[in-house]
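Listed below, chain by chain, are the residues.
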Amino acid sequence: MVILKVENIKKSYRTPDGGRQEILDIPLLEIEDDDHVAIRGASGSGKTTFLNIIAGIVKPDSGSVFLHDTEVTSLRESRRDRFRAANIGYIFQTFNLIQGLTALENVALGAWFGSGNSVARSREMLERVGLGNRLHYYPRALSVGQQQRVAVARALVNKPRLVIADEPTGNLDPDFAREAMTLIREQCTTEKAELLLVSHDPRILDQFETVIPFESINRAFKPSPVTA
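As the structure is a computational prediction, the values presented were derived from the model and not from experiment.

A. Just the pattern of salt bridges, in detail. Going through the model one piece at a time under the given rule, you end up with 10 salt bridges. Of the charged contacts in the structure, one is a salt bridge between R128 and E191, with a shortest N-O distance of 2.6 Å. Placement of the pair is R128 in helix α4 (residues 119-128) and E191 in the loop between α6 (174-190) and β8 (194-199), with a sequence separation of 63 residues. One network of salt bridges, with partners in common, ties together R121, E124, R128 and E191.

B. Seen up close, the packing of helix α3 (residues 103-113) against α4. Remark: α3 packs on α4, axes separated minimally by 9 Å, with the N-to-C direction vectors making an angle of 125 degrees. On the basis of their axis angle, the class for α3 and α4 is oblique. Where α3 crosses over α4, the two elements pack in a sense that is right-handed. For the pair formed by α3 and α4, the contact residues are A103, L104, V107, A108 and A111 on the first element and V119, S122, R123 and L126 on the second. Here the contact of α3 with α4 is composed, by residue class, of seven nonpolar, one polar and one charged.

C. Quick peek at the packing of α4 against helix α5 (residues 144-156). In contact at an axis separation of 9 Å, α4 and α5 are set at 135 degrees when each is read in the N-to-C sense. Considered as vectors, α4 and α5 are oriented oblique to each other. For the pair α4 and α5, the sense of crossing is right-handed. Contacts between α4 and α5 involve R121, M125 and L126 from the first element and V150, A153 and L156 from the second. Looking at side-chain class alone, the contact of α4 with α5 contains five nonpolar, no polar and one charged residues.

D. The sheet that holds strand β3 (residues 36-40), seen in detail. The five strands are arranged β6-β7-β8-β3-β9 in an open sheet whose pairing can be described as parallel. Looking at the sheet topology across the chains shown, the edges are occupied by β6 (88-91) and β9 (210-213). Strand-to-strand, the axes of this sheet are offset by a mean angle of 20 degrees, without reference to chain direction. Relative to β6, α5 is tilted by about 165 degrees, and along the sheet it contacts β6 and β7 (162-166).

E. Representation of the side chain of D201 within the structure. With respect to the element layout, D201 can be found in the loop between β8 and α7 (202-205). In this structure D201 comes out as buried when scored by relative accessible area, which is 12%.

F. Region of the structure containing the environment of G170. Along the chain, G170 falls in the loop between β7 and α6. G170 gets classed as partly exposed once you look at its relative accessible area, which sits at 45%. Sequence separation between G170 and F92 is 78 residues, and the spatial gap between their C-alpha atoms is 9.6 Å.

G. Spotlight on the sheet that holds strand β4 (residues 62-67). Here four strands make up an open sheet; going across it, the order is β2-β1-β4-β5 and the pairing antiparallel. The open sheet has two free edges, formed respectively by β2 (20-32) and β5 (70-71), since each of these has just one partner strand. Of the pairings in the sheet, the one linking β4 to β5 comprises two bridges and is antiparallel in character. Its bridge partner being in β5, L67 is matched across the sheet by T70. Packing against the sheet, helix α1 (residues 47-54) makes contact with β1 (2-14), β2 and β4, and its axis sits at approximately 125 degrees to β1.

Rules used in this analysis
Residues numbered from 1 in each chain as written. Predicted model: local features only at pLDDT ≥ 70, side-chain atom pairs only at ≥ 80, totals over all residues. Heavy atoms only, no water. Salt bridge = Lys/Arg side-chain N within 4 Å of Asp/Glu carboxyl O. Helix = DSSP H or I, 4+ residues; strand = E, 2+ residues; numbered from the N terminus. Axes fitted to C-alpha atoms, helices over the stretch in contact; angles between N-to-C directions. Parallel < 35°, antiparallel > 145°, perpendicular 65-115°, else oblique. Left-handed = near helix turned anticlockwise from the far one by under 90°. Contact = heavy atoms within 4.5 Å. Nonpolar A, V, L, I, M, F, W, Y, C, P; charged D, E, K, R; others polar. Pairing = 2+ DSSP bridges. Buried < 20%, exposed > 50% of the residue type's maximum accessible area, 1.4 Å probe, protein only.

Just distances and angles here, no functional claims.
Structure follows, in structure tokens:
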């Protein structure tokens, strides 16, 4: 069963000279139930914009995104925000933790926007990612790897249908990147959430059976010319 369908998505931005720079032209992408899919692409190729459109953070110029039977792109902004909180978990490369909140409060805030099952569920998720003894630590008191675990717990706290991960190991040392990716996949499997990841890191991509080159689905992508 197809759980995510992206169809005829186009996105462009205005350039300083008044023209338009086409970023995305994606005829079709479908992800089926029980899939963990990685998209491989270079920096600056539009991958993050693509993920933000899927999540309803950015509106495309045209086209549709369906998550199960809901057309995310047709929802008004406030409804998109509520739908995203309840149905989509997002793991950012920079984690986007609120520095003035503890690990527990960061995850509970995510739960409050979605299911509302804040403290008990947040505590459970932090314990599952190995941070049961760091509940009341602020981000600055956590290692980079521990901050990422908080971000994973926050992304999964509302039992989302889909988890989106944007270069989730980009800030980790090589020795920790594979371990972190294993954690993300294990928790998605436990929560029965589909995973869509973008990365250019072969160490991460090698862990996925399904890897899609971004240039194969994005007709707007034009590689930079190679110079001698």
